[in-house]
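# What the coordinates show
Okay, here's what each chain looks like letter by letter:
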Amino acid sequence: MSLIPLFCAVTALVPPQPSVTGVYSDIPSMMDVWDRTAPTIAYTFALTGTVHSADNSSFIFGDGDQLIPVNCTQPSFRPKAGDKIAMSGIFGLKKVAYGNEPYTFATHAEIIGSGPAPLPCRRSLQELSGSRDNLRLIETTGIIIDYRPDDADPDYLHLILKDGPTVLPVSIPSKGADSVRKLIDARVSVIGTFNRTIRGVRRYSRPVIVTVPDNIRVIDPPPTPEDIPVLERKIYLTPDDILSLGKRKLNGEIIAVWRRRNLLLRDDDGRIIRAILSCQNEIQPSPGQRATVCGYPGTDQFNLILGTASILSVTPGTTAPQASDRPLSLTEIIDQSAPGLATFKTSYYGKAITLEGTVRILPPSGDTEGRIGLDCDGYLVQLDTSAMPKAAENIELGCRIAATGICLLEINDFDAVTDIPRISGLTLLLRNQSDIVVLSRPPWLTSTRFFLILAVMAAVLVVILLWNASLRILAERHSRALLKAQIGSITSQLKVDERTRLAIELHDSIAQTLACVAMEMETAGQLTDGDE
């Protein structure tokens, strides 16, 4: 399996046309162009040099002390390591989602000679140089202390190689890496390509060695637990001195466990040591157990830390550390001797203490590794509940509680330039459900509930007003319809009355008049007959 594809990852690109005249004839001048050019500009090069490693038409090329990855567009060109070639083509920068990536396309290449393949350069991890050894085949030695998948590229996993205080990842293909577990804690020889950074989203990562499992050779097998030295008690050690100690073991009592992979131990001398368990650890610890833990010492400049640790054995221990009878005020733990500067007293680190305060923050529902925010005298203290996920079930915001736990002083991510860390906060590591005692609950009518009630009342009032408005509209519609019906009824009644009146008048007045006329005519006729 080749090591080239990780570095020559631009084979799918089509070479652009050169946009600047002039030909670059050495790698340093090309690198200078990469440092100062824009992604839209393409340049022409013509180089003569040696192929250091090759994979089909992709290869690592050098014309002196510096090397570059090259992709050849001639399908028939297949160089071998050691071949002398002359080539010309296009180079520049390509803009991608996470920044700019350099590319080099050889549009014409020919083999002008051949020689032996370059031998790996022997270097210790401390001697590796990003400017001198970039892309070179190197051979180095060290102890593999851990391994983990590459979350940015699942096709690779990283072996963590350590030599003295220096640690460097070794990237190998994840396929066929089943035997990696057997390499943990073994001193090995590694032959691979050294790259001062990784192409892709980790643009500013530490250097990495890329190789394949066949190029990893065991020099010394992993030590047995009996052969691992005990972590010695020394004073005035620098961080590099501690990192150079190598694997150490420690026997002590587990006084706290949090987030599954972190634990605090107290050894027989009373030292408090933090251990960060490796992903390969198989024994799940519990507070109160006595355990033998081995790992690689490090420091945050305040405390000793066993990194990539594993538990060799556990036995039942004594009772868990007990807190003082009197709850502490946070002002007793904070040193305010310097004006305007508050620091935490390191003497409380790893001790069981009890603090009283008001709950201000609760973890989201279903968050098994959340933290409770406790307001103590105006300071926000984190209560780690990862060892007891149901701790927050019976607690609500505003509760006043007494919390008992192991004091953990949080160290901030220090400035890599000044290298001066500081204690940025305090966390109480809760161990069981009895570590939280509810002293008082908030009044039922809290400000949140008050505003909620106001909102509900306002919503009900709005509904009532809308309902009244709709009833008023319906009533007006019914009133208009009723009035219209009444008007129609009255109009009809008036018409009937008028017709009745006319009928009566026609029947009474006209009939009487005709009767009178008839009678008068009859009388007139009688009078006429009498005269005759």
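Residues numbered from 1 in each chain as written. Predicted model: local features only at pLDDT ≥ 70, side-chain atom pairs only at ≥ 80, totals over all residues. Heavy atoms only, no water.

## Section: the overall build of the chain
When helices and strands are counted, the chain shows five helices and 26 strands. Burial statistics for the chain: of 532 residues in total, 38% are counted as buried. In the chain, 61% of the contacts between residues at least 6 apart in sequence involve partners at least 24 apart. Just so you have it, the chain exposes about 29,800 Å², and 57% of that area is on carbon and sulfur atoms. (Helix = DSSP H or I, 4+ residues; strand = E, 2+ residues; numbered from the N terminus. Buried < 20%, exposed > 50% of the residue type's maximum accessible area, 1.4 Å probe, protein only. Contact = heavy atoms within 4.5 Å. Areas by Shrake-Rupley, 256 points an atom, 1.4 Å probe, with all protein chains shown as cover.)

## Considering the confidence of the model for the chain
Scored by pLDDT, the chain comes out at a mean of 84, with 88% of its residues at no less than 70. Segment residues 1–13: pLDDT under 50, and 40 contacts once partners within four positions in sequence are set aside and those in other chains are kept. (pLDDT = per-residue confidence, 0-100.)

## Details of a nonpolar patch on the surface
Residues Trp444, Leu445, Phe450, Phe451, Ile453, Leu454 and Met457 make up a contiguous nonpolar surface patch of roughly 760 Å² in combined accessible area. Along the chain, the position of Leu445 falls in the loop between strand E26 (436–440) and helix H5 (447–531). (Patch = residues over 30% accessible without salt bridge, like charges linked within 9 Å, V, L, I, M, F, W, Y side chains within 5 Å. Salt bridge = Lys/Arg side-chain N within 4 Å of Asp/Glu carboxyl O.)

## Concerning helix H1 (residues 27–36)
Listing the buried residues of H1 in full gives Ile27, Met30, Met31, Val33 and Trp34. Buried residues of H1, seen end-on, are gathered within an arc of 155° and therefore sit on one face of the element. Structural note: H1 exposes Asp35 and Arg36 on the side pointing more than 90 degrees away from its buried face. Buried residues along H1 sit against strand E1 (23–24), strand E2 (42–55), strand E3 (58–62), strand E4 (67–72), strand E5 (84–96) and strand E6 (99–113). (Arc of directions from axis to C-beta.)

## With respect to the sheet that holds strand E17 (residues 290–299)
Read once around its circumference, the closed barrel built from five strands follows the order E14-E15-E16-E18-E17, with strand pairing classed as mixed. Each strand of the sheet is rotated relative to its neighbour by a mean of 55°, with strand direction disregarded. (Pairing = 2+ DSSP bridges. Axes fitted to C-alpha atoms, helices over the stretch in contact; angles between N-to-C directions.)

## Observations regarding the nonpolar core
Grouped burial of nonpolar side chains is what soluble globular proteins tend to show. Leu264, Ile333, Leu355, Leu383 and Leu426 are the most contacted members of the largest nonpolar core, which has 37 residues in total. No other element matches the six residues that strand E24 (residues 400–411) contributes to this core. Ignoring sequence-local partners within four residues, the contact set of Ile333 consists of Leu328, Thr343, Phe344, Lys345, Tyr348, Ile353, Leu355 and Leu426. Met30, Trp34, Ile68 and Met87 belong to the second-largest nonpolar core, a separate cluster that totals 22 residues. (Core = buried A, V, L, I, M, F, W, Y, C linked by side-chain atoms within 4.5 Å.)

## Some points on the packing of aromatic side chains
Tallying each qualifying case throughout the model produces eight aromatic pairs. Among the aromatic residues, ring-to-ring pairing joins Tyr24, Trp34, Tyr43, Phe45 and Phe91 into one connected group. (Phe/Tyr/Trp six-rings, centres within 6.5 Å; stacked < 30°, edge-to-face > 60°.)

## Remarks on the pattern of salt bridges
Applying the stated rule across the entire model yields 20 salt bridges. Among the salt bridges present, the one from Glu139 reaches Arg122, with a minimum N-O distance of 3.5 Å. Here the residue Glu139 occupies a position in strand E8 (residues 137–149), and Arg122 occupies one in strand E7 (residues 121–122), the gap between them amounting to 17 residues. Under the relative-accessibility criterion, Glu139 is labelled buried at 13%. A salt bridge links Asp384 to Arg259, with the nearest nitrogen and oxygen atoms 3.6 Å apart. Pair noted here: Asp384 is in strand E23 (residues 379–384) and Arg259 is in the loop between strand E14 (248–258) and strand E15 (262–267), with a separation of 125 residues, a long-range link. Judged by relative accessible area, Arg259 falls into the partly exposed class, the value being 30%. Taken together, the shared-partner salt bridges connect Arg259, Arg371, Asp384 and Glu410 into one network.

## Focus: the pairing of E5
Within a regular strand, side chains alternate between the sheet's two faces. In the sheet, E2 pairs with E5 via nine bridges, with the strands oriented antiparallel. Considered in E5, the bridge of Tyr43 is made with Phe91. Of the strand pairs in this sheet, E5 and E6 are connected by 13 bridges, and their pairing is antiparallel. The partner of Phe91 across the bridge, within E6, is Thr104.

## Notes on unusual backbone geometry
Phi at Leu135 takes a positive value of approximately 70°, unusual for a residue other than glycine. By secondary structure assignment, the location of Leu135 is in the loop between helix H2 (130–133) and E8. Phi at Arg259 takes a positive value of approximately 50°, unusual for a residue other than glycine.

## Considerations on the pairing of E8
In terms of strand pairing, E7 meets E8 through two bridges, oriented parallel. When the sheet's bridge partners are listed, Cys121 is paired in E8 with Ile138. Pairing geometry for E8 and strand E11 (residues 187–195), over seven bridges, is antiparallel. Residue pairing across strands places Gly142 opposite Val188, the latter belonging to E11. The turn linking E8 back onto strand E9 (residues 156–163) is made up of six residues.

## Quick look at the environment of Lys351
Checked against the element boundaries, Lys351 lands in the loop between strand E20 (343–344) and strand E21 (352–361). On the accessibility criterion, Lys351 (46% relative accessible area) is partly exposed. Separated by 77 residues in sequence, Lys351 and Leu428 have C-alpha atoms that sit 9.8 Å apart. Not counting chain neighbours up to four residues away, the residues in contact with Lys351 comprise Gly405, Ile406 and Cys407. At 3.4 Å, the side chain of Lys351 and the backbone oxygen of Ser347 are in polar contact. (Polar contact = N/O pair within 3.5 Å; in protein donor to acceptor, adjacent residues only side chain to side chain.)

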